Structure formats: structure tokens, C-alpha cells
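Descriptive structure summary
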Amino acid sequence: MPQPCFKPFTDKQHPLVWLMFTFALATVTSTATAQDTGKQQYTIARQSLQSAISQLANQADLEINYPSHLVKGLNSPGLNGRYTAQDALNQLLAQTALKARVAADNAFTIEKAPTSYLKVNSANDGKSQPRTELEGTDTTLPKVTVEADAAYDPEYYADPYNKDYVIPNATAGTKTDTPIMETPLNVQVISKQVLKDQQVISLDKALRNISGVTTQTGSGGDNHLFLRGFDTQTLFRNGFRMDQTSITSFVGSNQQFANVESVEVLKGPAAILYGRVEPGGMVNIVTKQPKATPYYSLNQQFGSYDLYRTSIDATGPLTKDDTLLYRVNTSFQSNNSFRDLVKGEDVFFAPILKWNISPRTQATLEMEYNRSISSLDNQILPLVDNHFIDIPHNRNLGERNPAETENIFVGFNWSHQFNNDWSIKHQVAFKRQDQNLGINVVPQDITNGEVGRLVTNGHFRNDTVSTSLDLTGHFKTWGLEHTLLLGGDFYQFEATGSQAFSKDFLASSVINLDHPDHPGSNLFIDPSTLFQFDQNTENYGLYLQDQIKLPYHVHVMGGLRYQYVHSTLANAGADGVFSQTGLPQTDDAVTPRVGILWQPEKWLSLYSNYAENFGQNTGAFGFGGTVNSSKLLPAQSAQQWEVGVKTELFDGRFRATLAYYDLTKQNVATNDVTHPAPFCGGSGCSIAAGEVRSQGPELDIQGEILPGWNVIATYANQDVRVTKSKGDPNGQGFEVGNRLQFVPRNIGSVWTTYEVQQGDLKGFKIGGGVRMQDSGVDSTNTVKSTGYALVGLMTGYSFEIGKSKITAQLNIDNLLDKSYFNNPVPITKNFGFVNFSTPRTFMGSINVEY
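In what follows, the accompanying structure is described. Small disclaimer: the values here were computed from a predicted structure and weren't measured. The residue numbers shown here count from 1 along each chain, following its written sequence. Per-residue local features are limited, in this predicted model, to residues with pLDDT of at least 70; the limit for side-chain atom pairs, both in listing and counting, is 80 or more; totals at the level of whole chains, interfaces and linings are taken over all residues. Side-chain figures throughout are based on the complete set of non-hydrogen atoms in the structure, without hydrogens or water.

1. Some remarks on the overall build of the protein
Across its full length, the protein carries seven helices and 52 strands. Exposure categories follow from relative accessible area, calculated using a 1.4 Å probe and restricted to protein chains: below 20% of the type maximum is buried, above 50% is exposed, and the middle band is partly exposed. Per-residue burial over the protein gives 52% buried out of 850 residues. Pairs at least 24 residues apart make up 69% of the contacts formed inside the protein by residues separated by at least 6 positions. Helix and strand definitions here come from DSSP, where helices need a minimum of 4 consecutive H or I residues and strands a minimum of 2 consecutive E residues; each element is numbered from the N-terminal end. In what follows, a contact means two residues having at least one pair of non-hydrogen atoms within 4.5 Å.

2. Focus: the pattern of salt bridges
The salt bridge definition used is simple: a Lys or Arg side-chain nitrogen within 4 Å of an Asp or Glu carboxyl oxygen. As enumerated under the stated definition, the model contains 32 salt bridges in all. A salt bridge links Lys-175 to Asp-470; the shortest N-O distance between them is 3.9 Å. Taken together, the residues span a long stretch of sequence, with Lys-175 in the loop between β9 (169–170) and β10 (178–179) and Asp-470 in strand β29 (residues 450–477) at a distance of 295 residues. A residue is classified by how much of its surface remains accessible, and Lys-175, at 21% relative accessible area, is partly exposed. When the shortest N-O distance is used, the salt bridge between Arg-237 and Glu-368 registers 2.8 Å. Taken as a pair, Arg-237 in strand β15 (residues 234–237) and Glu-368 in strand β23 (residues 361–375) lie far apart in primary sequence, 131 residues in all.

3. Observations regarding the pairing of strand β48 (residues 788–801)
Each regular strand shows side chains that alternate between the opposite faces of the sheet. Pairing between strands requires that DSSP locate at least two bridges from one strand to the other. The sheet contact formed by strand β47 (residues 764–773) and β48 spans ten bridges and is antiparallel. Residue Arg-771 lies in a different strand from β48, and its bridge partner there is Leu-790. Inspection of the sheet shows β48 paired to strand β49 (residues 804–813) by nine bridges, in the antiparallel sense. Pairing of Gly-796 across the sheet is with Gln-809, part of β49. Between β48 and β49, which pair antiparallel and follow one another directly, the connecting turn spans two residues, one of which, Gly-802, has a positive phi of 65 degrees.

4. Side note on the sheet that holds strand β17 (residues 260–267)
An order of β11-β17-β18-β15-β16 is seen for the five strands of this open sheet, with the pairing classed as mixed. Whereas interior strands pair on both sides, the edge strands pair on one side only; in this sheet they are β11 (187–190) and β16 (240–243). Across the sheet, the axes of successive neighbouring strands diverge by a mean angle of 25 degrees, strand direction being ignored. Examined bridge by bridge, β15 and β16 share four bridges and lie antiparallel to one another. By the bridge assignment for β16, Thr-234 is matched with Asp-243. Axis angles are defined between N-to-C directions and span 0 to 180 degrees, where every axis is a line fitted to C-alpha atoms and, for a helix, only to the segment in contact.

5. Topic: the sheet that holds strand β50 (residues 821–826)
Overall, antiparallel pairing links the four strands, which are arranged β25-β24-β51-β50 in an open sheet. Looking at the sheet topology across the chains shown, the edges are occupied by β25 (387–388) and β50.

6. Overview of the packing of helix α2 (residues 49–60) against helix α3 (residues 85–92)
Any two packed helices are characterised by how steeply their axes cross, that is the angle between the axes, and by the distance between the axes. Relative orientation of the contacting elements α2 and α3 amounts to 170 degrees, with a least axis distance of 10 Å. Here α2 is positioned roughly antiparallel relative to α3, judged by the angle of their axes. For the pair α2 and α3, contact is made by Leu-49, Ala-52, Ile-53, Leu-56 and Ala-60 and by Ala-85, Ala-88, Leu-89 and Leu-92, respectively. Each angle gets one of four labels, with under 35 degrees taken as roughly parallel, over 145 as roughly antiparallel, 65 to 115 as roughly perpendicular, and the rest as oblique.

7. Digging into the side chain of Ser-798
Within the secondary structure, Ser-798 sits in strand β48. Between N or O atoms, a polar contact is any pair within 3.5 Å; within protein, one atom must be a potential hydrogen donor and the other a potential acceptor, and residues adjacent in sequence are included only when both atoms are from side chains. Here the side chain of Ser-798 touches Thr-807 through a polar contact of 2.9 Å, side chain to side chain. Not counting residues up to four positions away in its chain, the partners in contact with Ser-798 are Lys-762, Gly-763, Lys-805, Ile-806 and Thr-807.

8. Some thoughts on the packing of aromatic side chains
Side-chain rings of Phe, Tyr and Trp, where Trp is taken by its six-membered ring, are said to pair if the distance between their centres is within 6.5 Å; with planes under 30 degrees apart they count as stacked, over 60 as edge-to-face, and otherwise as tilted. Here the structure, examined in full by the defined rule, presents 17 aromatic pairs. Taken together, a centroid distance of 4.1 Å and an interplanar angle of 15 degrees make the contact between Tyr-788 and Tyr-820 stacked. Residue Tyr-788 is found in strand β48, and its partner Tyr-820 is found in the loop between β49 and β50; the two are separated by 32 residues along the sequence. An identical accessibility class is assigned to Tyr-788 and Tyr-820; each is buried. An aromatic cluster is present here, built from Phe-460, Phe-531 and Phe-533 joined pairwise through their rings. By definition here, charges over rings are those cases where NZ of Lys or CZ of Arg is within 6 Å of the ring centre and within 35 degrees of the ring normal. Arg-228 extends its terminal NZ or CZ atom over the ring of Tyr-661, reaching a point 4.1 Å from the ring centre.

9. What to know about the nonpolar core
Residues enter a nonpolar core if they are buried and are Ala, Val, Leu, Ile, Met, Phe, Trp, Tyr or Cys, with the set joined through side-chain atoms within 4.5 Å. Counting 31 residues, the largest nonpolar core has Ile-380, Leu-381, Phe-388, Val-451 and Val-692 as its most contacted members. Elements represented by at least two residues in this core include exactly β24 (380–384), β28 (440–447), β40 (654–666), β45 (719–725), β50 and β51 (831–836). The element that contributes the greatest number of residues to this core is β51, accounting for four residues. Non-local contacts of Leu-381, meaning those with residues more than four positions away in its chain, are made with Phe-388, Ile-389, Asp-390, Ile-391, Phe-821, Asn-830, Phe-831, Gly-832, Val-834 and Phe-836. In terms of nonpolar packing, the next biggest core, distinct from the first, is built from 26 residues, Val-200, Ala-206, Leu-227 and Val-283 among them.

10. Points about a nonpolar patch on the surface
A surface patch of nonpolar side chains, amounting to about 690 Å² of accessible area, comprises Leu-318, Phe-349, Leu-353, Leu-365, Met-367, Ile-408, Val-410, Phe-412 and Val-428. Mapped onto the nonpolar patch, the elements with two or more residues apiece are β22 (343–358), β23 and β26 (402–417). For Ile-408, the position within the fold is in strand β26. Note that patches include only residues with greater than 30% relative accessible area and no salt bridge, and the join distances are 9 Å for like charges and 5 Å for nonpolar side chains (Val, Leu, Ile, Met, Phe, Trp, Tyr). Per-residue and other accessible areas follow the Shrake-Rupley method at a 1.4 Å probe size, with only the shown protein chains counted as cover for residues.

11. Describing the side chain of Asp-546
As for its position among the elements, Asp-546 is in strand β32 (residues 526–550). Working convention for charge: Lys and Arg count positive, Asp and Glu count negative, and His plus the chain ends are omitted. The buried charged residue Asp-546 lacks any salt bridge, with Lys-549 as its nearest oppositely charged partner at 12 Å. Within polar-contact distance, the side chain of Asp-546 engages the side chain of His-482 at 2.9 Å. Sequence-distant contacts of Asp-546, that is, excluding residues within four places in its chain, are made with His-482, Thr-483, Leu-484, Val-556, Met-557 and Gly-558.

This is how it looks when you write it as C-alpha cells:
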């Protein structure tokens, strides 16, 4: 904090100096009286009280001291007008139980106001702000400036006006809201300000900010998420698990961001707390919660290819005593694409109601409804001698393949704090996803310039029911501090579906490669090819975790989970008679996790962990003997060692993590090249390839370097290779030493923004970044795609009109209009599926907050 430039004279100085000072003071005083000097214009937006005080201190060149706990959880209504510095500070504190005391020239101390000082505020309906310090506490805490590191406050970081790139705590790794610097795991969080700066409206774009995470669009238009090289079809929402079958699109592909607060990524096995998941890690979507301070925003986005998206956010109290709070987020989006015959439409609505039953007991009821119409886009290229032949990337060799998806989510959770040490939390949720594919035309071969296509249709439904109960306690034994978590969960996932095909598998519909004429001929379905399935999985888990603080700033974490899983799979043909495929599959296992972290300095942490994983090949079916028959693959297991170092600088506003991991997974589900579509329900069969090892360094950097200057940098070197191979009956499976398909060896990104803090250009922001990826390979490592480097830019300007804050912003992606393709999947010797690059795109927005 800048020190006051003016200091009073002492009585030891020369009397002449005192005379000159008295004369100057009288002159200044008389001038100030005439011209109302001492007042200046202040414009401070509604935000957390700590941020508002910091902004005032910078504008008025003040030194403001206070114990950090006094402002914890408090918000400021903002300021707009001409005030003296002291009056401005008093206005910021007007709705609190705090007051400002003059400590010296240009220096103030904020302290608790005596009872007689508290003023009744009409905006609070006659009730003063609740006291923020502990009752009965007589301890005087040391004074800190407004730039001091305050204790973690979820309300502060959930403030809609908060601009921090770094969030100090996360729940994904431990379920106990532990500081990341004290967690011996690699946990990364993407804050809402990053999502705003990059105008993120899809999950794949958000995850660009995390090292070791990639996405891939499959041959049927389905999206896949890879963490540390392993494909996952599981996404979490506030800890609630949402699985997906491989036949339909990955659950994150239609994740809407109107109600997303942040995105957490835990790298490495998470089985101890979340059951059967992929060992590469987990992605947890943290949603926006109701707030006691009213807040409203309207955001209108518009972009290339006729993209229009409107989103609304509203929250506040429903009762005068703030016991009942609400929040509503909604959005509508429509768009076309650079690809012919591809368009989309999406409607999203998410209300949430929170009941503060008492200071120690809360209950929350929430719902989401999402209906989207999108196109299944099959992107293909001709293949000659294991080299793809490029064609115009807008050319669609399928048809207009509409897919209508409806998602319904209902959740209820409650928590109670017995005392300062023990608390309990229970949540239960239900999610249903319905998807109708309509007529889906999928290229299957290219012969003499003609594309033979398979015609399919289908309907799929995924039902998820989950409940969990967690007991958390804090206690000491022999001077050691414990955070104990004891919990249990139940999770049921049922996937049902049906799909039919054209009678002639390869040539039922034909279209010209160079001059496609839409719609093509013979777009018919043969009812006799109908394939139906019913997959049901029940998971039961019990887990125990202890986090211990040892002397010398050593943190130890250990725990284990018992998991019991029962799975069944039934298939049926056109006759509708279901028969169970194989015996019901029952698996159980105990998975441990241990970690140790040493924090020799507040800004430095050294950590290591070992974890085991027990997972299911979710949605991956093996060949069952006939076209309309499939079987479940065996459960997978995995083990990981990891070491790393974390640093946190600039009062916690900047954090970096460097890690090295060695992860080995057994029974990996991979494509069975001998049984492609229409086997196993049209998506192609899978095999357990044996064992795959993933290892390499990862670097994640994010935060504020200087006031207004934020940066994100990531890099991962992923060496993901087959170490054991079971192959397939024809010996065409993965070979030992081959790289895993769709996983680039090197990926990295840099993103930075700067916002002017003062002066005429205050509120102006500019930024940009580069993301890079080297070549990928197919499953046989014979066909490669080229790497790429894409440049993005952004600029924006924020200003205030009355109590409203208005932000105009423009983002440009793929600025240099690079054209490439990646994720090659050869299907025959003549053609294969790829992912085309999106050309240069623009997205503008106008956001109004009140």
C-alpha cells in the first residue's frame, strides 16, 4: 500500500518552518472552503467490501488498516459521487457494523463499531449487518493493510464482481474445501473471470486452460474428453456424477455455462471419493448459488455463423430476513456452422432455492432443464497410402443429421453444523437424458469417387440416481490437527436405447465425393436390423479420509474406499425379446490413496501422492458373437505415483504447479478394428487392450502478476503408450510401444489480459493467447495428423451508468485462420474420420449488471 506523501512536522523542527506551515495551511483551508476542496469524484462498483476498500485506497492514495476477519463475507453497495476520502470510506461501511477511525493523515483504521454507533439502514429493513467476528473474543488481531492475505471466504470468490483468476480452495480433491496449497494433489480451478474473458460457452473451450486435458470428436459426432491420455465419459456437477454411454454424445458436449461458477479438475485417480472413474482425473462443474445481495445481469452474445446467445442471471432474497434465497439462470442459443447442413439450437433454464433454516442448517433445492437440437457431423477425408487427401472442410458428405437432446436434473441437499468442529451433509439427485437421433447418415467407404453411406436412426435414454452422506470433523490428538471425512454413497446408472440401420451396410446410400447432391438417395431404415439394449449399473461405496497437520508445516492425507459394483446388460433384436448377455458382472475392490505435503514457506509447497483406481469400462461393449450381441468389458484398475511443487505469490493472487506423474492402467477399452459399426449397436465394438502407461511433466500457471495483468500458461508432455496388448482374434489390435490414439505428445497454451486500472482509459481491457498441439496418431500409429498453433485475441471496455455496470467485449479465435485436421481414424484403406479446424471466428457481447 502506498504510504502518505504528506507527514506532519514535529515540535523539534525550526519555528520558522512552523510559521510557514501555518500560513500555507490557512491559505489551503480558505481555498478549500470556497471551492469545496477535499472532495473528489469516486465511482466504485457493487462488489465485495474488501475489494471496494482496496479500490478506494488506490484512488484516494490512502492507507487503510483492519483485521481481515472484520470484512469477511461482507459486500459493498458501491459508491458514485463526490466525497471526501473519509466520507467515501464511511459510505462503503454504512451498511455494516464497522466504522472508520482516523489514524494519521491519509491513514484510517477500520474497527468494530460500538452498539450505540450502529445505524438502522432502511435498505436492510431496520436490521443492521450481522456481526462478523466471533462473540466473546477479546483477542486483538494484528492490523493488516487492504492488500493483506485474508482467510478464504467462499462468498468473496463467488461475488459476481470478483475478477480473480485464482481461487485458493477446491472441493474436488478432498470434499473438505481444503486450500490447494495444503492439498497433496494436483487440483486446478478455472474461475468465472477466465470464463468471462474468453467468452466460454462450451466445456472443451474451458478445459483449454488446464494442462493434460484434450477433447476429440468421434466418428458419429460424439465428443470425448481425455485427461492424462485416458478417455472419460463421466462428468461431475457439484460432486454429483453423470455418466454417459459411448453410443450417444459425451455428457459435457451440451453442458451449458449460464449457471457455471467455476470448473474444477482433479488430475489422477479419484476413485477413493467418487467410485469407478477413469484414472486420468475428473472434471467437476461448480454451479452458481443464491446470494443474499440482489444481483441481476443480462448478457447478449453474437458471433460468426449466425451465433446468437442470450443469458440472464438473477439472485437475491425472497424474505426480509434473508432466510429464503433464490437464483435463476437461463439462456437461449441458436447457431449455424462453417460445415454445410449443420446448425444448432439450445434452451436452458436453471432455478435454485436455498433455505437458511438456521445459522447452522441450510437446505437447497435445484433444477435444470436443457433442450438442444444439434447436428451429428461426420467429418471424413479420402485416404491414399495412409495419407489423407484434403478436401474443402465445409463439405458435408453426410446429410442434415438432427439430434434432439433433453436433459432434466433435480437435486436436493442439506447440511447441518453440530458445532464448530463437526458437520454433516447429504445430497440426492436425479438426472435424465433423452436423445433422438432421427435419420443419421454416416459415410462408410469411398470407391471411385463415390461415398457409400450407412443410414441409421436411434433413441437413447440415460437415467442417473445418486445419493451421498458425508460426516466431517475437526479434532486434535497428541497436538496433531485432524480433518476427518467419513462417507458413503449409492449411484445407479441405467442406459437404454434402440438403433436400426439400412439393409445394405456399405452402399445403401451413395453420394459423389466432389459434387455431393443433397439429399442423397435410399435414405431408408430396415426394421429387421433393430438393435436394443438395457444396461444397468449399481454402485455402493464407503470411504474414510483423514488429513493431518504435523509439526513443521507437514500435511499428511490418507484414506481408502470400499466399492461394490453390480452390472447387467441385456440385448434384443427386432423381435423385442431381451436376453441377458453373459452373467451379471459383480466387482468389488478396496482402493487406497496417500499423500504428503511440506510447506516450508507460506508461498511454497512440495508434495507427493500415490493412488489406486478401480473403474468401469462405462459404455464400452465387447463383441458378443453376432451383430446384435455385445458384452461388458472387465473392470479396469490403475496405479499412479506423482510428485510436484506448488508456489503461491502476490498475496495468493498467483499460483503455479509443476508436477510429474507415472500412471499405469490395466484393461483399457479401445476400438476393435475387426468389429466396427454396425456391430455392438452401431458404434463399433471395443476390446480390453491390456495395459497402457501415461507419464510426463505438467505445468499450470495462473493469476495476477501486476494489478490488472492476469495470465494463464499450461504445458504437458504426455508419453502415453501401450505396455501390454491382448490384441484381437485377427492380431490387429494395439501393439506394445504404440502411442495411444487421439493423444498428442505435447500440448500447451498461454493466455493473458490487462485491464487499465486508473485514468481516462479505466475499464479498458485487452488480451490474447496462443494454444499449441503437436501431431496425433491413429490406433496403429501409421496415420498422423499435423500439429497446430492458434492465436486468439480479446478486447473489452467496462463502464458504469448509475448503479449498472456495462461491459462490451469482442473475442477472435483462430486469428490467422489456420486450416488443419486432427484425430485421424482410418476406417478402410480408402477413407477415415478426422476433426476439421474451425476457421477464424468472432464473438461479441454486451453485458449489463445491476
